[in-house]
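# Structure assessment
What follows is each chain in one-letter form.
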Amino acid sequence: MTTIYYGQVMDVPDSPFTGGELRSETTALTVADGIITSRGSLSDAKSAHPDAEVIRFDGILIPGMVDTHVHFPQLPIIGGLGMPLLQWLDECALPQEAQLSDRTYASDLASRFVGALARAGTTSALVFGSHFASAVDLLFDAASRSGLRITTGLVVSDRNLHSELHTTPEIAHEEMAGLINTWKGQGKLRYAVTPRFSLSASEAMLQVCGDLFTADPELFFTSHINENPEEVRVVAELFPDFGSYTDTYHRFGLLNERSVLAHNVHPTAPELRRLAEAGSSVAHCPTSNASLGSGLFPMSAHLDAGVQIALGSDVGGGTGLSLVKEGLQAYFHQQLQTEGHPLTPAHLLYLATRAGALALDLPEVGHLGEGMAFDAVHFSPVEGSTFEYVLGQAPHASAALASLFTLGTEADISAVYVDGEIVSQRSDSSDKVHTALSLR
Ligand SMILES: [Zn+2]
């Protein structure tokens, strides 16, 4: 089954932080069995595949976006404004997360969550699961039906949260092993060992996490780090014999190239060196950092140290699932700092796509070159919208991409593809005429 997609394609295969540039072409992508087998002129594509269906699209096609930090249980509490991190957790996030013990509630939320990710143009995500194994099982199930590339796991804590969210290292180990056994490697699913953060995990709990993680090279590790000054202070009090917040993960073997730490707004220089040495990535979550007043992300310090960065929505601390919005906010956060790193539209697209793919060890996605999986988002502006007008006036590709990042919303997404199959589409989407793609 071969299909030719023809229209304006924008991607950033190589990092613009090291010289990569925006690739913007009106081009034909030949897709067979979900893989882009060639990229070039329409006439060449048609003569090579005379029987292939040709889909001409308006607007802009970009790679599927990659969310490297998002909380499944927190979808309903987006918009909890006006609180710093620890108060927000206590009053807003943790009471909501306790509701996930109810299987019916968790099942409904899991379906809504993966559907919402797809609608936002997110095709791959590293997801903070629930504290309840039954809810994580339901999330894996919903994820497997969604067609999305989801990496997630049981969130584990044994102190300093609300007691109904606490477990023991022994039970945590048993439940994590069970979920890994059932779901790891099923289709596009992978497992992430996920202590909530060192503030809520004892050394025994981190040890259990480290034992699992270091024993299986297919696992991922994710947690929070250096998000808020008060949180950093409490972690230092809880771990007086450890050199830093980063050290609380490092000492248990939790840092390698499959580790993604969310936030890192307040790192020290030695911590950045440690993360760079380990090859670990940082999920930058700008709307959350602004909303909770956590601080402005020191991107230049990360880049200078050689730490990989990508974007996360951090829903529900973040203000929505759109990585387009996170990209724009990342730009704002750098603009507001004297030491900020100037970001172009190409940087924003790279951070929202390829950077996340590399952080999640998904080398087959993140750009739309030959040999890549066809994970893509078709932006077709709402008719009569300001986005449609500005995009039409854009004097060059970079300006067109800037209009997408400033004005593009979920409503402007016509269709979302993973492995060449539609995982979400707008009701008026012309993409739906392609009936050969199975609708999920
Ligand atoms: Zn988070």
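Residues numbered from 1 in each chain as written. Predicted model: local features only at pLDDT ≥ 70, side-chain atom pairs only at ≥ 80, totals over all residues.

### What to know about the overall build of the chain
Spelled out, the test is: Per the convention used, a helix needs a DSSP run of H or I reaching at least four residues, while a strand needs a run of E reaching at least two, with both numbered from the N terminus. For the radius of gyration, the atoms used are the C-alpha atoms, and the globule rule reads 2.2 Å times the number of residues raised to 0.38. Here the C-beta atoms are placed from the backbone, and a residue counts as buried if at least 20 other C-beta atoms lie within 10 Å of its own, exposed if 12 or fewer do, and partly exposed otherwise. Remark: residues whose backbone-derived C-beta atoms lie within 7 Å of one another are considered to be in contact.
Of regular secondary structure, the chain possesses 16 helices and 17 strands. Over its C-alpha trace the chain gives a radius of gyration of 21 Å, about what one expects of a compact globule, namely 22 Å for 440 residues. C-alpha atoms of the chain, sized along the principal axes, occupy 65 × 50 × 35 Å. Counting all 440 residues of the chain, 53% fall into the buried class. Long-range contacts, defined as pairs at least 24 residues apart, comprise 74% of the intrachain contacts of the chain with a sequence gap of at least 6.

### Description of the environment of Leu261
Structurally, Leu261 is set in strand 12 (residues 259-263). For the pair formed by Leu261 and Asp304, sequence separation is 43 residues and the distance between their alpha carbons is 18 Å. Apart from residues lying up to four places away in sequence, Leu261 is in contact with Ser223, Ile225, Ser280, Val282 and Ala283.

### Structural notes on helix 6 (residues 203-215)
What counts here: Expected helix span is given by 1.5 Å per residue-to-residue step, counting one fewer step than there are residues.
When the terminal C-alpha atoms of helix 6 are compared, their 18 Å separation across 13 residues agrees well with the 18 Å that a helix rising 1.5 Å per residue should span. Along helix 6, the residues classified as buried are Met205, Leu206, Val208, Cys209, Gly210, Leu212 and Phe213. On its buried face, helix 6 is in contact with strand 9 (155-156), helix 5 (169-183), strand 10 (189-195), strand 11 (220-225) and helix 8 (245-250).

### Quick word on unusual backbone geometry
Trans is the prevailing form of peptide bonds, just as negative phi is the prevailing case for residues other than glycine. Here the bond from Val315 into Gly316 is cis, since omega is 5°, no more than 30 degrees from zero. Secondary-structure assignment places Gly316 in the loop between strand 14 (308-311) and helix 12 (323-335). Residues other than glycine seldom take positive phi values, yet His263 does so here, at roughly 90°. Looking at the secondary structure, you find His263 in strand 12. Positive phi, close to 45°, is recorded for Asp314, a residue that is not glycine. With respect to the helices, strands and loops of the structure, Asp314 is situated in the loop between strand 14 and helix 12.

### Things to note about the environment of Ile62
Along the chain, Ile62 falls in strand 5 (residues 60-63). The contacts of Ile62, once residues within four sequence positions are left out, are Met10, Asp11, Leu349, Thr353, Ala376, Val377 and Phe379.

### Side note on the domain arrangement of the chain
Our working rule: Each domain span listed reflects an automatic or database assignment of domains. Charged means Asp, Glu, Lys or Arg here, nonpolar means Ala, Val, Leu, Ile, Met, Phe, Trp, Tyr, Cys or Pro, and polar covers whatever is left, Gly included.
When its domains are assigned, the chain resolves into domain 1 (2-63 + 366-439) and domain 2 (65-359). Averaged C-alpha coordinates put domain 1 and domain 2 at centres separated by 29 Å. Listed per partner, the contact involves 31 residues of domain 1 and 28 residues of domain 2. Those elements that place two or more of their residues in the side of domain 1 that touches domain 2 are strand 1 (2-11), strand 5, helix 16 (397-407), strand 16 (413-418) and strand 17 (421-425). By residue number, the principal contributor to the side of domain 1 that touches domain 2 is helix 16, which donates 6 residues. In terms of residue class, the side of domain 1 that touches domain 2 is made up of 17 nonpolar, 9 polar and 5 charged.

### Focus on the packing of helix 5 against helix 6
As a reminder of what qualifies: In this analysis, axes come from line fits to C-alpha atoms, helices being fitted only over the stretch in contact, and the angle between any two N-to-C directions falls in the range 0 to 180 degrees. Reported orientations rely on four angle classes, namely roughly parallel under 35 degrees, roughly antiparallel over 145, roughly perpendicular from 65 to 115, and oblique for the rest. In a left-handed crossing the near helix is turned counterclockwise from the far helix by less than a right angle, and in a right-handed crossing that turn is clockwise.
At a minimum axis separation of 9 Å, helix 5 and helix 6 run at an interaxial angle of 25°. One element, helix 5, and the other, helix 6, form an angle in the roughly parallel class. Considering the relative orientation of helix 5 and helix 6, their crossing is right-handed. Between helix 5 and helix 6, the residues in contact are Pro169, Ala172, His173 and Met176 and Ala204, Met205, Val208 and Leu212, respectively. Classifying every residue of the contact of helix 5 with helix 6 by side-chain character gives 7 nonpolar, 1 polar and no charged.

### Considering the nonpolar core
Rules: We define the nonpolar core as any set of buried residues of the types Ala, Val, Leu, Ile, Met, Phe, Trp, Tyr and Cys, connected via C-beta atoms lying within 7 Å of each other.
Counting 127 residues, the largest nonpolar core has Ala110, Leu139, Leu148, Cys209, Leu348 and Leu349 as its most contacted members. Residues from two domains meet in this core; each of domain 1 (2-63 + 366-439) and domain 2 (65-359) gives at least three. Those residues in contact with Cys209 that lie beyond four places of it in its chain are Val156, Val193, Pro195, Phe252 and Leu254. Counting residues in each nonpolar core, the second largest holds 5 residues, with Leu85, Trp88, Leu89 and Leu292 among its members.

### Points about the packing of helix 4 (residues 133-146) against helix 5
At a minimum axis separation of 11 Å, helix 4 and helix 5 run at an interaxial angle of 15°. As judged from the angle between their axes, helix 4 and helix 5 are roughly parallel. When the axes of helix 4 and helix 5 are compared, the crossing they make is right-handed. When helix 4 is examined against helix 5, the residues Ala133, Val136, Asp137 and Phe140 are found in contact with a partner set consisting of Glu175, Gly178, Leu179 and Trp183.

### Considering the confidence of the model for the chain
Selection criterion: How sure the predictor is of each residue is captured by pLDDT, a score from 0 to 100.
Chain-level statistics for the chain give a pLDDT mean of 96 and a share of 98% at 70 or above. In this model residues 433-440 is a low-confidence stretch, pLDDT under 50, and it forms 13 contacts with partners more than four residues away in sequence or in other chains.

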